[in-house]
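Structural characterization, general
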Amino acid sequence: MYVQSLMTADPTPEARLGWSDEFDAAWDVLGRPGTPARVTRLDRGWSTAAHSFSQVTGDDDPVRLRNIGADIAVGDWMIPSDDGERVEHVLERTSAFTRRASFDGMRAVSHTLAANIDVVFLIHALGMTPSPRRLERELVLAFDSGAEPIVVLTKTDLVDDPEPAREALADVALGVPVLLASGISGEGVDDIRAFSSGNRTLAFLGASGVGKSTLVNALVGDALQATSAVREGDQRGRHTTVAAELVPMPGEGWVIDTPGVRAVSLWLSGNGIERAFADVFDLMDGCRFRDCKHDQEPGCAVQQAIADGELDPVRLTALDALIDEEEALEKEQKAREKAADRRSKDKRRPEADEYDGMRE
Ligand SMILES: Nc1nc2c(ncn2[C@@H]2O[C@H](COP(=O)(O)OP(=O)(O)OP(=O)(O)O)[C@@H](O)[C@H]2O)c(=O)[nH]1
Ligand SMILES: [Mg+2]
Ligand SMILES: [Zn+2]
């Protein structure tokens with residue numbers, strides 16, 4: 001229990017916010033400074049946070065802080081500085097969905113879309129061409145996030161038969177369920193809500209216009225999140241949601257609505273690629289040569305599976321591209337670390353990270 005005085009209003013207000021033994025231990029490591037607050041909204045340069053549930057419902061004013069230089073995301077637990085102006089500490093995350101920020105020509109910086117999440121919903125919409133290649137990338141990041149991935153195909157009310165699109169996504173969603181839902185008809189909404197039992201935090205991720213905010217509204221039973229129509233011609237969204245937001249669900253649980261992102265670029269990965277492409281890696285184990293390039297070599301189990309129609313060749317191409325992207329990123333990171341080392345030897349201050357996590 002971090003603040004005794006809050007106990008009178010609600011027996012465990014911090015537990016409702018998602019505080020757990022893990023965060024308590026992380027706070028302990030720091031010597032229990034200040035009062036932890038959960039980041040509920042991130043605007044450019046500003047973050048909104050709450051020490052207690054009454055600050056989320058609007059009964060009390062929330063905490064508003066400058067977040068210059070702080071690497072924070074919605075869902076994070078942080079400790080404000082004593083003067084209440086800035087973020088002093090960010091508690092170690094239990095999970096985080098992190099991509100590479102898509103700045104053209106800029107050095108690699110990470111962008112965490114949501115932190116301390118239990119389930120990450122990868123949202124795709126019916127009524128447009130399914131995008132298994134995008135889903136593969138999302139799955140890599142989702143497996144690396146530490147949260148449980150679930151795929152959701154929305155707008156079931158728009159089509160007579162969702163099955164072809166569901167299959168196209170299920171083919172690449174190895175061991176990950178593909179749920180059908182509609183924020184308009186309400187189909188599947190209870191199935192999604194069920195994942196929040198135990199006061200868990202769900203995150204909704206996906207391209208603009210797929211219906212994330214509409215689903216959030218269906219879950220909370222209120223038109224809290226703004227939504228707007230997709231463009232007529234290509235069904236693309238209009239980037240209606242501009243800031244990630246942590247929204248309480250009635251009773252218990254949380255959902256993080258995020259702004260639609262166009263590019264799903266990899267960030268330094270753990271075993272996300274191996275898990276998202278476990279089918280291809282399993283085949284590789286059967287190749288005759290250990291250093292098989294899976295190209296022209298005799299006894300290549302991957303090429304055999306392609307010839308037998310068991311593996312879609314575009315999946316191998318997609319995997320190669322992701323491995324290359326990851327290698328390039330690692331190289332760039334190493335070069336950057338080296339440069340930073342040199343700078344610190346020069347006793348100069350390392351460059352401040354000006355990226356505020358908000359831009360596409
Ligand atoms: N028919 C139908 N339309 C939907 C459904 N879900 C969303 N829409 C419509 O699709 C458009 C975009 O929905 P949003 O919820 O704003 O999409 P979003 O994913 O939040 O988009 P961004 O905030 O831009 O990332 C709106 O016109 C919604 O009414 C659905 O299940 N069925
Ligand atoms: Mg939205
Ligand atoms: Zn091979």
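Residues numbered from 1 in each chain as written. Chains lettered and ligands numbered in written order. Predicted model: local features only at pLDDT ≥ 70, side-chain atom pairs only at ≥ 80, totals over all residues.

Concerning the overall build of the chain
For clarity, the cut-off: Each helix corresponds to a stretch of at least 4 residues labelled H or I by DSSP, and each strand to a stretch of at least 2 residues labelled E; elements are numbered beginning at the N terminus. Atoms considered for the radius of gyration are the C-alpha atoms alone. The globule rule reads 2.2 Å times the number of residues to the power 0.38. Burial is judged by counting other C-beta atoms within 10 Å of a residue's own C-beta: 20 or more means buried, 12 or fewer means exposed, and anything between counts as partly exposed, with every C-beta placed from the backbone. Any two residues are considered in contact once their C-beta atoms, placed from the backbone, lie within 7 Å.
Looking only at helices and strands, one finds eleven helices and 13 strands in the chain. Here the C-alpha radius of gyration of the chain, 22 Å, is about what a compact globule of 360 residues would show, namely 21 Å. Its C-alpha atoms put the chain at 70 × 60 × 40 Å along the principal axes. For the chain, with 360 residues in total, the buried portion stands at 40%. If you take every contact in the chain between residues at least 6 apart in sequence, the share linking residues at least 24 apart comes to 62%.

Quick word on helix H4 (residues 132-145)
In an α-helix, one turn spans 3.6 residues, which is why side chains three or four residues apart end up on the same side. Note the cut-off: Every helix has an expected span of 1.5 Å times one less than the residues it contains.
In this model H4 runs 19 Å from its N-terminal to its C-terminal C-alpha over 14 residues, within 8% of the 20 Å that 1.5 Å per residue would give. Of all 14 residues in H4, twelve are buried, a share of seventy percent or more. Among all positions in H4, only Pro132, Leu135, Glu136, Arg137, Glu138, Leu139, Val140, Leu141, Ala142, Phe143, Asp144 and Ser145 are buried. The first or second residue beyond H4 is glycine 146, which carries a positive phi of 90°.

Observations concerning the pairing of strand E9 (residues 148-154)
Inclusion rule: Only when DSSP finds a minimum of two bridges between them are two strands counted as paired. The definition of a right-handed crossover adopted here requires that, viewed with the strands pointing away, the path from the first strand over the helix to the second runs clockwise.
Within E9, six of the seven residues are buried, which leaves it mostly tucked inside the rest of the structure. Taken together, the seven bridges between strand E8 (residues 119-125) and E9 define a ladder with parallel strand orientation. Note that in E9 the partner of isoleucine 123 across the bridge is valine 152. In terms of strand pairing, E9 meets strand E10 (residues 178-180) through three bridges, oriented parallel. Counted as the bridge partner of valine 152 is leucine 179 from E10. In terms of handedness, the path from E9 via helix H5 (residues 163-170) over to E10 forms a crossover that is right-handed.

Considerations on the confidence of the model for the chain
The condition that has to hold: A residue's pLDDT is the confidence the predictor assigns to it, expressed on a 0 to 100 scale.
Model confidence for the chain is summarised by a mean pLDDT of 88, while 90% of its residues fall at 70 or above. Every residue in residues 348-360 scores below 50 in pLDDT, and together they form 20 contacts with partners more than four places removed in sequence or on other chains.

Examining helix H11 (residues 313-345)
Given a rise of 1.5 Å per residue, 33 residues ought to cover 48 Å, and the 49 Å separating the end C-alpha atoms of H11 matches this to within 8%. Among the residues making up H11, those that are buried are Arg315, Leu316, Leu319 and Leu322. Buried positions along H11 lie against H4, helix H8 (272-276), helix H9 (278-284) and helix H10 (301-307).

A few points about the site of ligand 1
Formally: Whether a residue is near a molecule or strand depends on its C-beta atom, placed from the backbone, lying within 6 Å of it. Basically, the charged four are Asp, Glu, Lys and Arg, the nonpolar ten are Ala, Val, Leu, Ile, Met, Phe, Trp, Tyr, Cys and Pro, and anything else, Gly included, counts as polar.
Taken together, 25 residues lie near ligand 1, and Gly211, Ser213, Thr227, Thr241 and Gly260 sit nearest. Looking at the shell around ligand 1 element by element, the count peaks at three residues for helix H7 (residues 212-220). Residue composition of the shell around ligand 1, by class: six nonpolar, 15 polar and four charged.

Here's the deal with the domain arrangement of the chain
Rule in force here: Where a domain begins and ends is set by an automatic assignment or by a domain database.
Along its sequence, the chain is carved into domain 1 (4-90), domain 2 (107-257) and domain 3 (277-345). Inter-centroid distance (C-alpha atoms) of domain 2 to domain 3 is 28 Å. Contact with domain 2, which involves six residues of that partner, is made by eight residues of domain 3. Taken together, the residues of the side of domain 2 that touches domain 3 sort by class into three nonpolar, no polar and three charged.

Observations concerning the nonpolar core
The test is simple: Note on terminology: a nonpolar core is a set of buried residues of type Ala, Val, Leu, Ile, Met, Phe, Trp, Tyr or Cys, with members joined through C-beta atoms within 7 Å.
The biggest cluster of nonpolar side chains holds 80 residues, and the ones touching the most others in it are Phe97 and Phe121. Not counting residues within four places of it along the chain, the set of residues in contact with phenylalanine 97 comprises Thr112, Leu113, Ala114, Ile117, Val120, Leu141, Ala142, Ser145, Ala147, Ala203 and Leu205.

A look at the environment of serine 196
Mapped onto the secondary structure, serine 196 falls in the loop between helix H6 (189-194) and strand E11 (201-205). Here serine 196 falls in the partly exposed class, since 19 other C-beta atoms lie within 10 Å of it. With residues near it in sequence (within four places) discarded, serine 196 still touches Leu202, Met249, Glu252 and Gly253.

Details of the pairing of E11
Extensive coverage of E11 is indicated by the burial of five of its five residues. Alternating positions in E11 separate into two faces, Thr201, Ala203 and Leu205 on one and Leu202 and Phe204 on the other, with burial throughout. In the sheet, E8 pairs with E11 via four bridges, with the strands oriented parallel. Residue pairing for E11: leucine 122 is matched across the bridge by leucine 205.

Things to note about the environment of arginine 236
Secondary-structure assignment places arginine 236 in the loop between H7 and strand E12 (245-248). Spatially, the C-alpha atoms of arginine 236 and alanine 307 are 36 Å apart, while their sequence positions differ by 71 residues. Non-local contacts of arginine 236, meaning those with residues more than four positions away in its chain, are made with Ser208, Gly209, Val230 and Arg231.

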